[in-house]
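Structural characterization, general
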Amino acid sequence: MRRYLLSRVAGGIGTLAGGSVVAFFVFHLLPGNPAEIIAGTHASAAQVAAIQREFALNQSLVAEFVGWWEHVLQGNLGVSVVSNVPVSHLLAQTLPVTLTLIGASTVVALAFTLVLSLGGLRKGSVLDRIALGWSVVGLSIPTFWLGILAILLFAIHWGWLPAGGYISPYSSPLAGLKSLALPAITFGIYMSAIFTQFLRRSFLDVMREDFVRTARARGLREWQVVARHASKPAMIPFVTVVGIAVSTSLGFAMVVETVFAYPGFGSLFVQAITTRDYYVVQAGIMVIVAAVVVANILVDVAYLFLDPRIRYGREG
Amino acid sequence: MSGAETSVRPASTALPEPAPDPVVEVADLEVDFAVRGAIGHAVRGVSFQIRSGEAVGLVGESGSGKTVTALSLLRLLPDRTTRVRARSLRVAGVDVLGASAASLARLRGGAAGVVFQDPLRALTPTRRVGSQIVEVIERHSGRSRTQARLEAVELLSRVGIPDARNRARDYPHQFSGGQRQRILLATAVASHPRLLIADEPTTALDVTTQSQILDLLLDLQQDLKMAVLLISHDLGVIARVCDRVLVMYGGRLVETGSTSDVFRAPGHPYTAGLLRSIPRLDRPGAVTSAIPGEAVDGFTQVVGCAFVPRCSLAAPVCTECPELEDVTPGHQAACWRSELVT
Ligand SMILES: Nc1ncnc2c1ncn2[C@@H]1O[C@H](COP(=O)(O)OP(=O)(O)OP(=O)(O)O)[C@@H](O)[C@H]1O
Ligand code: SF4
Ligand SMILES: [Mg+2]
């Protein structure tokens, strides 16, 4: 069990290291050198040279990479070229906003999913059919379209909810939740379509297992069969899917936050790319990679709880 | 039970109190199932009884309907895709087809325990083996959790799990295949049922382990005075455990009788063929089926005797469907020409 966790953490560190190489070299792969890219197309040679000096971009690549890592380990992620604010400050400002959004969306998605997936217990039941339809329709609606539709209806037509912007639900709960509602539901709907598809499949598979029949043969009532015997095995593959969805949700946050003018990490990252904000893009890539790594480790920890075969190794 | 005195299995000669009421009473059981629009017939009219304390074997090739018959007894088949009909289907006094969900749940695991073939898959992998026994005791014996735990540990050591007190906290994957089948047996008999249904309980195990599990099964049967319905395609297993045998082919019973009668002088060519194909210990796995031709499945249209295409004795009369008839008293076969069977 300890070996299992150590190997997962080691794998995560490897992924982070790999990600850092990508984050660092992404600007070096583009034609021209980073200083020119940062300076933009209309910059003079003097401006480019100044930027090169300022960002120490005139050393060898390896020296530059090592230097960058030294700074990163000291918590210094550079300064935004565009706003002149330290990147760490920008992240500290935007990440909580995005994490709140992702958390709320996940809650919405799981709520939808759990209700719908109970349909998976009885193949062909009404709920099961809704779940099946849902997982197909929900997946094929583009998130940005759904977001815009939600704004048109709930914000503009009915005026129930704000069209965009963010108010911290931690300082003013009601206004905060209202500002969170549309993006979280839009995002959550997409996630729940994925979740529903997998959880439904997973439950249908497990309910056919021999041990479920055995549990029924013990005279347990159906809800006991599900709660005691089917739910954990059905969750095992599902947890992987939740992990993947949550870890890739930073990517979707870009779409949702852009549509809802949400001042989160997604918007920051999109802006940084369009303004060629070198250090912000680098840090952003690192954050995305770190999110994937952390989510994967959390999934592995969840396995430990769900699956005794991992917790206690093979033969006893 | 006329053949009991001469049964292959000596222990059964002295059943302590021959309770007369049948534990299982099946009349004209038919099971149909729907697969992609087509209707198949897994069981096509089966009648038999099992008396208290009696061990009955159900034998037949793969697909003959043994499992479906056994599952019907407790209505464990998927409701949506199967239809079970019978003139009478009673288990431990419960009218299975008319029973409410609650009385069905009391019957399952209460008066009737079940052991399935594959012990690797029949125990819930994410639940401690102790809890899987405890839940049966709690459910059916109304004991407190603490009391049920004590009984579960006792039962585990009774079925031969060493260090039961500690092992009760382990998960199924931490046991060997044979041990898992022992644990499964423990869960099935935890409520002291009147009937134990064992569907190929030893098929997945190696020969030595098989034999130990059969010993345990016999032991438990005598201890708890249970009736047993033992399903197997291995006549050797049946001979060792059962007083009486039911032979199934194409969803019908083609022969019934005391194990000794049926084994000594089979009345149906199919049974005779099965007897010739008993796997031999000196050549394990050498024989799967010595009967030539393909078995009937649920979708085969059957007119007359289903065995015609594979039968060396087939004659014009066989285009009519033979019913079970006495070969000798208490020994019946569904064959027009049973006197010719060797
Ligand atoms: N749930 C089901 N859906 C469709 N067909 C089924 C189902 N269960 C059983 N059958 C069919 O019913 C017939 C009898 O199957 P059954 O499992 O009872 O055979 P068996 O005698 O137990 O064979 P085996 O020795 O392989 O276990 C087979 O033709 C099988 O294909
Ligand atoms: S009835 Fe005819 S075909 Fe059927 S088993 Fe007897 S002899 Fe063979
Ligand atoms: Mg079977």
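Residues numbered from 1 in each chain as written. Chains lettered and ligands numbered in written order. Predicted model: local features only at pLDDT ≥ 70, side-chain atom pairs only at ≥ 80, totals over all residues. Heavy atoms only, no water.

Moving on to the overall build of chain A. When its secondary structure is counted, chain A shows 14 helices and zero strands. Tracing chain A from N to C terminus, the helices and strands come up as α-α-α-α-α-α-α-α-α-α-α-α-α-α. Considering only C-alpha atoms, chain A reaches an extent of 80 × 60 × 35 Å along its principal axes. Taken over 316 residues, chain A has a buried fraction of 44%. A sequence separation of at least 24 residues applies to 69% of the contacts in chain A between residues at least 6 apart. Accessible area for chain A stands at about 15,600 Å²; split by element, carbon and sulfur atoms hold 70% of it. (Helix = DSSP H or I, 4+ residues; strand = E, 2+ residues; numbered from the N terminus. Buried < 20%, exposed > 50% of the residue type's maximum accessible area, 1.4 Å probe, protein only. Contact = heavy atoms within 4.5 Å. Areas by Shrake-Rupley, 256 points an atom, 1.4 Å probe, with all protein chains shown as cover.)

What follows concerns the interface of chain B and chain A. Contacts between the two partners involve 33 residues from chain B, matched on the other side by 28 residues from chain A. Each partner contributes to the roughly 2,700 Å² buried at the junction of chain B and chain A, and carbon and sulfur atoms together form 51% of this total. Three residues stand out in chain B for area buried against chain A, namely Arg121, Thr126 and His173 of chain B, and they jointly supply 23% of the buried area on that side. Counting every contact that joins chain B to chain A gives two salt bridges. (Buried area = accessible area lost by both parts, 1.4 Å probe. Salt bridge = Lys/Arg side-chain N within 4 Å of Asp/Glu carboxyl O.)

This part covers the pairing of strand β4 (residues 82-85) of chain B. All names here are of chain B. Side chains Thr82 and Val84 project from β4 onto a buried face, and the interleaved Arg83 and Arg85 project onto a face without burial. Pairing between strand β1 (residues 22-35) and β4: four bridges, direction antiparallel. Each bridged residue has a counterpart across the sheet, and for Phe33 the counterpart in β4 is Thr82. (Pairing = 2+ DSSP bridges.)

Taken together, His268, Pro269, Cys305, Phe307, Val308, Cys311, Leu313, Cys318, Pro322, Cys335, Trp336 and Arg337 of chain B are the residues near ligand 2. When grouped by side-chain class, the residues that make up the shell around ligand 2 number ten nonpolar, one polar and one charged. (Near = heavy atom within 4 Å. Nonpolar A, V, L, I, M, F, W, Y, C, P; charged D, E, K, R; others polar.)

Our focus in this paragraph is the side chain of Thr196 of chain A. Structurally, Thr196 of chain A is set in helix α8 (residues 173-207). With residues up to four places along the chain from it excluded, the contact list for Thr196 of chain A reads Thr113, Leu116, Ser117, Ala131 and Trp134 of chain A.

By secondary structure assignment, the location of Asn84 of chain A is in the loop between α4 (61-73) and α5 (87-117). Remark: the alpha-carbon pair of Asn84 of chain A and Thr100 of chain A, spanning 16 residues in sequence, is separated by 26 Å.

All names here are of chain B. On average, chain B scores 89 in pLDDT, and the residues at 70 or more come to 91%. Here residues 1-7 is modelled with pLDDT under 50, and outside its nearest four sequence neighbours on either side it reaches 15 contacts, counting other chains as well. Confidence drops under a pLDDT of 50 for residues 10-19, and excluding neighbours within four residues, the segment shows eleven contacts in the predicted structure. Interface confidence for the predicted complex, given as ipTM, is 0.87, next to a pTM of 0.82. (pLDDT = per-residue confidence, 0-100.)

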